[in-house]
Amino acid sequence: MYLIIKKFLFLFDPEKAHHIAMFGLRVANTFGLLRLLPQVPKCKSRVLFNITFENPVGLAAGLDKNAEYLNIFSKLGFGFLEVGTITPLPQPGNSKPRSFRLTKEEGIINRFGFNNVGIDKAINNIKSSNFSGILGVNIGKNFSTPIESAAEDYLIGFRKSYLYATYIVINISSPNTKNLRQLQGYDFFEKLISSIKSEQNKLTKYHNKYTPFLVKISPDASDQDLVNICNIALKFKVDGIIATNTTIERDSVTLNPQHKESGGLSGKPLYAKALKTQKYICNRLQNKIPVIGVGGIMSGRDGVERLENGADLIQIYSGLIFKGHNLIHELCKKIQQNKS
């Protein structure tokens, strides 16, 4: 069935196809059709951050930027959902077109630029949903905020999402916000993580609730940056690392004319680079900090390989677009068979 739907959706540019797909899912949900989807195979549950994940397959940030579709995605079989990236103030993002499909290579290039409705509206969307599962809120800085003041933007998002998120993600690795990846450098990163950790301690005492925070890193980070990230994460007891965001490299897609478009490349062409980065940080962290593997997971075998190489959980994004919700079933089935 999804092969037919995909052929139709791929007639449109990726951003328009996304809106059409979400509209279709809304209609299906309204008529109760999503309840007819087969249940995903059960996987061995795992506990991270004192949270029990019954299913290790999650939705990565980016597909539900504004937390508008929680009730829908919760019925597709995911073990957890992540929304965002959300900034303190609403922003339109970069000009269109800003998303490009590399169909043969099963990749997507995007330069959205954190287009979102802002943290206040996004939190209202979360509060008005019926979703009661595990929810990650991915936060970033506004485009207009100088890099030197980025920490305050993250603190605003952190404070406002603290009570409503199961965990919070500090996104410092998108290639589509100018200078954002500078925050992975030692001085910027230590200052940011120190500020977030201090705020986490204050909010934990004030609300009597501990909300873990994770850092999402780039597959393009240098080895030295990865060493620094791991050392600082261990120093300040960061709760987790997400490896990885999209890549600016195009080595594997140069035959596609769209490879010249600027932005982050996701999907199958990202897999090897994301896995390499994950292996590197898992080796540095020595199981002291949990890792969520994301980037180019397009099959059950991909998911198992990520788990076998240090990831505690995995997330998908482009795989859902190219393979449909059956990928969730395939991943859970393969993971259960492999006992990963």
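Here, every reference points to the structure presented above.
Just so it is clear, the structure is predicted and the values come from calculations on it, not from any experiment.

Definitions and cut-offs
Residues numbered from 1 in each chain as written. Predicted model: local features only at pLDDT ≥ 70, side-chain atom pairs only at ≥ 80, totals over all residues. Heavy atoms only, no water. Axes fitted to C-alpha atoms, helices over the stretch in contact; angles between N-to-C directions. Helix = DSSP H or I, 4+ residues; strand = E, 2+ residues; numbered from the N terminus. Parallel < 35°, antiparallel > 145°, perpendicular 65-115°, else oblique. Left-handed = near helix turned anticlockwise from the far one by under 90°. Contact = heavy atoms within 4.5 Å. Nonpolar A, V, L, I, M, F, W, Y, C, P; charged D, E, K, R; others polar. Core = buried A, V, L, I, M, F, W, Y, C linked by side-chain atoms within 4.5 Å. Buried < 20%, exposed > 50% of the residue type's maximum accessible area, 1.4 Å probe, protein only. Phe/Tyr/Trp six-rings, centres within 6.5 Å; stacked < 30°, edge-to-face > 60°. Lys NZ or Arg CZ within 6 Å of the ring centre and 35° of its normal. Salt bridge = Lys/Arg side-chain N within 4 Å of Asp/Glu carboxyl O. Disulfide = S-S within 2.5 Å.

1. So, the packing of helix H7 (residues 223–235) against helix H8 (residues 271–285)
Then, in step 1: Where H7 contacts H8, the axes come no closer than 10 Å and their chain directions differ by 45 degrees. Taken as axis vectors, H7 and H8 run oblique relative to one another. For the pair H7 and H8, the crossing hand works out as right-handed. Between H7, through Asp223, Leu226, Val227, Cys230, Asn231 and Leu234, and H8, the contact on the second element is made entirely by Thr277, Tyr280, Ile281, Arg284 and Leu285.
Then, in step 2: The residue makeup of the contact of H7 with H8, split by class, is 7 nonpolar, 2 polar and 2 charged.

2. Side note on the nonpolar core
Then, in step 1: One finds Phe73, Phe78, Tyr154, Ile170, Val215 and Ile241 to be the most contacted residues of the largest nonpolar core, which totals 76 residues.
Then, in step 2: Not counting residues up to four positions away in its chain, the partners in contact with Tyr154 are Ile139, Gly140, Lys141, Ile170, Asn171, Ile172, Leu180, Leu183, Leu192 and Ile196.

3. A few points about the packing of H8 against helix H9 (residues 300–308)
Then, in step 1: At a minimum axis distance of 10 Å, the contact between H8 and H9 shows a crossing angle of 20 degrees. With respect to their mutual orientation, H8 and H9 come out roughly parallel. Considering only the axes of H8 and H9, their crossing is right-handed. Seen from H8, the contacting residues are Tyr271, Ala274, Leu275 and Gln278; seen from H9, they are Asp302, Glu305 and Arg306.
Then, in step 2: Counted by class, the contact of H8 with H9 contains 3 nonpolar, 1 polar and 3 charged residues.

4. What about the packing of aromatic side chains?
Then, in step 1: Counting across every chain of the model gives 8 aromatic pairs.
Then, in step 2: Between the aromatic rings of Phe49 and Phe53, the centroid separation amounts to 6.3 Å while the plane-to-plane angle is 80 degrees, which identifies the pairing as edge-to-face. Phe53 shares its class with Phe49; the two are buried.
Then, in step 3: Plain terms: the ring middles of Phe49 and Tyr167 are 6.5 Å apart, the flat faces sit at 45 degrees to each other, and that makes the pair tilted. Note that Phe49 is positioned in the loop between strand E1 (46–48) and strand E2 (51–53) and Tyr167 in strand E8 (residues 167–171), a separation of 118 residues in sequence.
Then, in step 4: Taking the relative accessible area as the measure of exposure, Tyr167 reaches 0% and is therefore buried.
Then, in step 5: Here the guanidinium or amino end of Arg101 rests over the ring plane of Phe10, the centre of that ring lying 4.1 Å away.

5. Quick word on the environment of Ser262
Then, in step 1: Within the secondary structure layout, Ser262 lies in the loop between strand E10 (240–243) and strand E11 (264–267).
Then, in step 2: Judged by its relative accessible area of 45%, Ser262 is partly exposed.
Then, in step 3: For the pair formed by Ser262 and Ile248, sequence separation is 14 residues and the distance between their alpha carbons is 7.6 Å.
Then, in step 4: Apart from residues no more than four positions distant in its own chain, Ser262 is found in contact with Ile109, Arg111 and Arg250.

6. As for H9
Then, in step 1: Of the residues making up H9, those classed as buried are Gly300, Asp302, Gly303, Val304, Arg306 and Leu307.
Then, in step 2: Taken together, the buried residues of H9 touch E1, E10, H8, strand E12 (291–294), strand E13 (313–316) and helix H11 (326–338).

7. Describing the pattern of salt bridges
Then, in step 1: Scanning the entire structure with this criterion turns up 11 salt bridges.
Then, in step 2: With a closest N to O distance of 2.7 Å, Arg181 and Asp220 form a salt bridge. Remark: Asp220 occurs in the loop between strand E9 (213–217) and H7 and Arg181 occurs in the loop between E8 and helix H6 (186–207); sequence separation between them is 39 residues.
Then, in step 3: By relative accessible area, which is 19% here, Arg181 ends up buried.
Then, in step 4: The salt bridge involving Lys235 is made with Glu190; its shortest N-O contact spans 2.7 Å. Linking Lys235 in helix H7 with Glu190 in helix H6, this pair joins segments that are 45 residues apart in sequence.
Then, in step 5: Classification of Lys235 as exposed rests on a relative accessible area of 53%.
Then, in step 6: When salt bridges that share partners are traced, they join Arg181, Asp220, Glu249 and Lys273 into one network.

8. Re the state of the cysteines
Then, in step 1: Counting across every chain of the model gives 0 disulfides.
Then, in step 2: Not engaged in a disulfide, the cysteine Cys332 finds its nearest cysteine sulfur in Cys43; these two sulfurs lie 3.9 Å apart.
Then, in step 3: Here Cys332 falls in the buried class, since its relative accessible area comes to 0%.

9. Observations concerning unusual backbone geometry
Then, in step 1: The omega angle of the peptide bond from Gly84 to Thr85 is 10 degrees, so this bond is cis rather than trans.
Then, in step 2: Checked against the element boundaries, Thr85 lands in strand E4 (residues 80–86).
Then, in step 3: Omega for the bond connecting Ala243 with Thr244 falls within 30 degrees of zero, at 15 degrees, which places this linkage in the cis form.
Then, in step 4: With respect to the helices and strands, Thr244 occurs in the loop between E10 and E11.
Then, in step 5: The phi dihedral of Glu106 falls on the positive side, at around 55 degrees, and the residue is not glycine.
Then, in step 6: With respect to the element layout, Glu106 can be found in the loop between strand E5 (99–102) and strand E6 (107–110).
Then, in step 7: The phi angle at Lys237 is positive, at roughly 55 degrees, despite the residue not being glycine.
Then, in step 8: Looking at the element boundaries, Lys237 is found in the loop between H7 and E10.
Then, in step 9: Looking at Lys237, the relative accessible area reads 62%, which means it is exposed.

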